[in-house]
Amino acid sequence: MSRFDRIYRIHDILRSARHPVPMRRFTQALEASRNTLTRDFEYLRDTLGAPLVYNRERNGHEYDPEAPVFELPGFWMNPGELYALLACEQLLEAVQPGMMAHRLAPLKERIRHLLGETGHDAERISERIQVQPMQVRNSARRVFDPVAEATLCAKVLDISYHGRSNASATRRRVHPQRLLHYRSNWYLLAHCEQAAALRLFSLDRISHPDILDEAAIPVAAADLDAYTSSSFGIFGGEPKGIAHLRFSDHAAQWVADEQWHPDQSGEWRSDGFHLEVPYADTRELVMDILRYGADVEVMGPGELRDEVVERVRKMAGLYC
């Protein structure tokens with residue numbers, strides 16, 4: 001039995017006992033030596049702050065009846081829960097390197113110490129759980145931190161934004177609503193004063209963010225959900241069409257188990273797997289269609305099919 005488990009058992013015995021508990025009961029219940037239990041008592045008292053005292057008159061240990069009720073620290077978790085916390089830290093660090101490292105360092109060290117007390121190896125997490133983000137566009141902490149703070153504190157942000165379709169950056173006043181992590185990249189969903197509407201801003205295109213001492217105008221959660229979830233992909237808005245895609249049997253082995261959108265519909269037919277997905281913008285959808293090559297055909301709408309055909313024609317022109 002690890003020290004972690006013994007501390008739990010000692011605490012339970014002391015908490016439930018009506019009288020001081022003799023050492024004999026501890027050694028029998030925990031199958032541990034007197035010396036081991038003495039060290040556990042010292043750890044419980046000196047490290048965890050338990051009001052553990054020895055009652056000479058009754059020859060037993062007890063929690064000081066004059067002291068406030070003692071409970072093990074809230075962070076006293078079992079090994080599985082501690083591993084889960086370390087795994088979460090590993091995932092968070094992979095999502096945004098350095099984002100919380102300086103804040104989580106003391107907590108991480110405490111977790112590792114507790115795992116050591118249980119006889120488990122904390123290094124196992126970093127060795128056996130790895131996250132490999134793909135096509136990441138890194139967001140600098142000097143941008144991420146103020147954007148995250150403004151979002152959480154509901155403050156207006158003044159930013160310089162250089163959209164990929166613009167020749168130069170423009171200054172914007174935005175009212176942050178949500179931070180989105182999508183396909184290994186961060187986006188800010190905010191009400192843009194210039195556009196007078198909700199807009200998504202890629203954090204890697206933001207520079208010189210300034211948090212203003214003005215409360216951000218809130219947008220109803222239903223409107224935010226509609227903007228980000230009504231259509232396929234990161235480009236929001238009301239759907240303008242339903243993409244009808246037919247996948248070969250080979251591609252359907254994966255696609256049939258995937259969720260492209262919460263409102264999608266799919267079924268097997270004699271000529272393959274048919275998937276219907278609502279979309280508002282074709283850019284991301286066309287890229288996902290093209291990655292399946294000859295294993296997918298756009299059945300409709302006609303304008304989406306024409307766009308894919310034109311892309312394929314231009315691709316073929318590069319190799320002919």
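Small disclaimer: the values here were computed from a predicted structure and weren't measured.

Caption draft 1: Geometry of unusual backbone geometry. Of the consecutive residues Gly300 and Pro301, the connecting peptide bond is found in the cis state with omega at -5°. Its location among the elements puts Pro301 in the loop between β11 (296-300) and α11 (302-319). Positioned with a positive phi, Glu31 is a non-glycine residue whose angle comes to about 50°. Relative to the elements of secondary structure, Glu31 occurs in the loop between α2 (23-30) and α3 (34-46). Note on Glu31: relative accessible area 73%, which makes it exposed. Although it is not a glycine, Ala196 sits at a positive phi angle of roughly 55°. In this fold, Ala196 is placed in the loop between β5 (185-192) and β6 (197-202).

Caption draft 2: Main features of α3. For α3, built from 13 residues, the straight-helix expectation of 18 Å at 1.5 Å per residue is met to within 8% by its first-to-last C-alpha distance of 18 Å. Burial in α3 covers these residues: Thr36, Leu37, Asp40, Phe41, Tyr43 and Leu44. All buried residues of α3 project into a common sector of 165° when viewed along the axis, lining one side. Away from the buried face of α3 by more than 90 degrees, exposed residues Arg34, Asn35 and Asp46 are located.

Caption draft 3: Representation of the layout of surface pockets. The computed volume of the largest pocket comes to approximately 1200 Å³. Lining the largest pocket are 34 residues, with Arg137, Tyr187, Ile234, Phe235 and Arg283 sitting closest to its centre. Of all the elements in the fold, those that place two or more residues in the lining of the largest pocket are β4 (170-182), β5, β6 and α10 (282-290). The residue inventory of the lining of the largest pocket, partitioned by class, reads 13 nonpolar, 9 polar and 12 charged. Elements that contribute at least two residues to the lining of the second largest pocket include exactly β4 and α8 (221-229).

Caption draft 4: Structural detail: the pattern of salt bridges. In the structure shown here, the tally under the stated rule is 20 salt bridges. The residue Glu71 makes a salt bridge to Arg15 at a minimum N-O spacing of 3.0 Å. Of this pair, Glu71 sits in the loop between β2 (60-63) and α4 (79-95) while Arg15 sits in helix α1 (residues 3-16), and the two are 56 residues apart along the sequence. Given the relative accessible area of 45%, Arg15 is considered partly exposed.

Caption draft 5: Molecular detail of the sheet that holds strand β8 (residues 241-247). Here we have 4 strands laid out as an open sheet, ordered β9-β10-β8-β11, and antiparallel in their pairing. The open sheet is flanked by β9 (265-269) and β11, the only strands paired with a single partner. Averaged over neighbouring strand pairs, the angle between their axes works out to 25° when direction is ignored. Relative to strand β10 (residues 272-279), β9 runs antiparallel, the two sharing 5 bridges. If you follow Gly266 over to β10, its bridge partner there is Leu275. The strands touched by α11 within the sheet are β8, β10 and β11, with β11 carrying the most contacts at an inclination of about 145°.

Procedures and definitions
Residues numbered from 1 in each chain as written. Predicted model: local features only at pLDDT ≥ 70, side-chain atom pairs only at ≥ 80, totals over all residues. Heavy atoms only, no water. Helix = DSSP H or I, 4+ residues; strand = E, 2+ residues; numbered from the N terminus. Buried < 20%, exposed > 50% of the residue type's maximum accessible area, 1.4 Å probe, protein only. Expected span 1.5 Å × (residues − 1). Arc of directions from axis to C-beta. 1 Å grid on protein atoms, 1.4 Å probe; cavity = no way out; pocket = protein on both sides within 12 Å on 5 of 7 lines; lining within 4 Å. Points joined across faces, edges and corners; volume = space filled by probe spheres on them. Nonpolar A, V, L, I, M, F, W, Y, C, P; charged D, E, K, R; others polar. Salt bridge = Lys/Arg side-chain N within 4 Å of Asp/Glu carboxyl O. Pairing = 2+ DSSP bridges. Axes fitted to C-alpha atoms, helices over the stretch in contact; angles between N-to-C directions. Contact = heavy atoms within 4.5 Å.

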